[in-house]
Amino acid sequence: LDGADPERDPSVLVKTCIRHVQDQAGLDLSPCTRWLRFCELHYHRPGAGWGSKAGSEANEVAVYFIVDVDACIPSAEAWPNLHAQYASWKKQRTAWEQSQQQQHPPASHHSSDDKQAKKQDTVGAEKQ
């Protein structure tokens with residue numbers, strides 16, 4: 001959690017959500033200001049169950065939010081510049097990937113020469 005007490009300070013969970021979404025999806029939700037607490041699940045996790053450590057019993061809460069992402073969507077004025085930045089990044093990334101493939105081609109397990117040599121060895125072994 002990104003704070004001390006989520007029951008008293010709801011921003012703790014929002015900050016935690018922002019961090020997790022950034023880490024997992026690369027999406028920055030920090031500009032979003034409206035967060036709807038959609039669902040809250042309370043459950044008891046027994047400690048003596050399958051695969052759990054003795055004494056690890058806990059009551060847990062999972063909170064689900066719906067976030068208004070309008071603040072994350074660029075304005076019509078900002079979009080052309082942002083689109084150009086993304087296109088430039090994509091072009092650079094594609095060029096880099098192609099150079100990597102040329103420098104380090106995928107290793108072939110069996111070249112055609114190896115296959116031909118094995119075939120000749122097999123034919124020679126059958127004649128003997």
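Check the entry above for the structure.
Now for a quick tour of the structure. As the structure is a prediction and not an experimental result, all values here were calculated from the model.

### Observations regarding the overall build of the protein
Inference 1: Looking only at helices and strands, the protein features three helices and two strands.
Inference 2: Start at the N end of the protein and walk to the C end: the helices and strands fall as α-β-β-α-α.
Inference 3: Of all 128 residues assigned to the protein, the portion counted as buried reaches 9%.
Inference 4: Across the protein, contacts joining residues at least 24 apart in sequence account for 39% of those joining residues at least 6 apart.
Inference 5: Taken as a whole, the protein presents about 11000 Å² of accessible surface, with 55% of it coming from carbon and sulfur.

### Side note on the nonpolar core
Inference 1: Val14, Ile18, Leu29, Cys32 and Trp35 form the largest nonpolar core, which has five residues in total.
Inference 2: When sequence neighbours within four positions are dropped, the list of residues in contact with cysteine 32 reads Val67, Asp68, Val69, Ala71 and Cys72.

### Comments concerning helix H1 (residues 11-25)
Inference 1: The end-to-end C-alpha distance of H1, which contains 15 residues, comes to 21 Å, matching closely the 21 Å that a straight helix rising 1.5 Å per residue would cover.
Inference 2: For H1, the complete set of buried residues consists of Val12, Leu13, Val14, Thr16 and Ile18.
Inference 3: Just downstream of H1 lies glycine 26, where phi reads positive at about 70°.

So, how was this worked out
- Residues numbered from 1 in each chain as written.
- Predicted model: local features only at pLDDT ≥ 70, side-chain atom pairs only at ≥ 80, totals over all residues.
- Heavy atoms only, no water.
- Helix = DSSP H or I, 4+ residues; strand = E, 2+ residues; numbered from the N terminus.
- Buried < 20%, exposed > 50% of the residue type's maximum accessible area, 1.4 Å probe, protein only.
- Contact = heavy atoms within 4.5 Å.
- Areas by Shrake-Rupley, 256 points an atom, 1.4 Å probe, with all protein chains shown as cover.
- Core = buried A, V, L, I, M, F, W, Y, C linked by side-chain atoms within 4.5 Å.
- Expected span 1.5 Å × (residues − 1).

No statement about biological role is implied by the geometric values presented.
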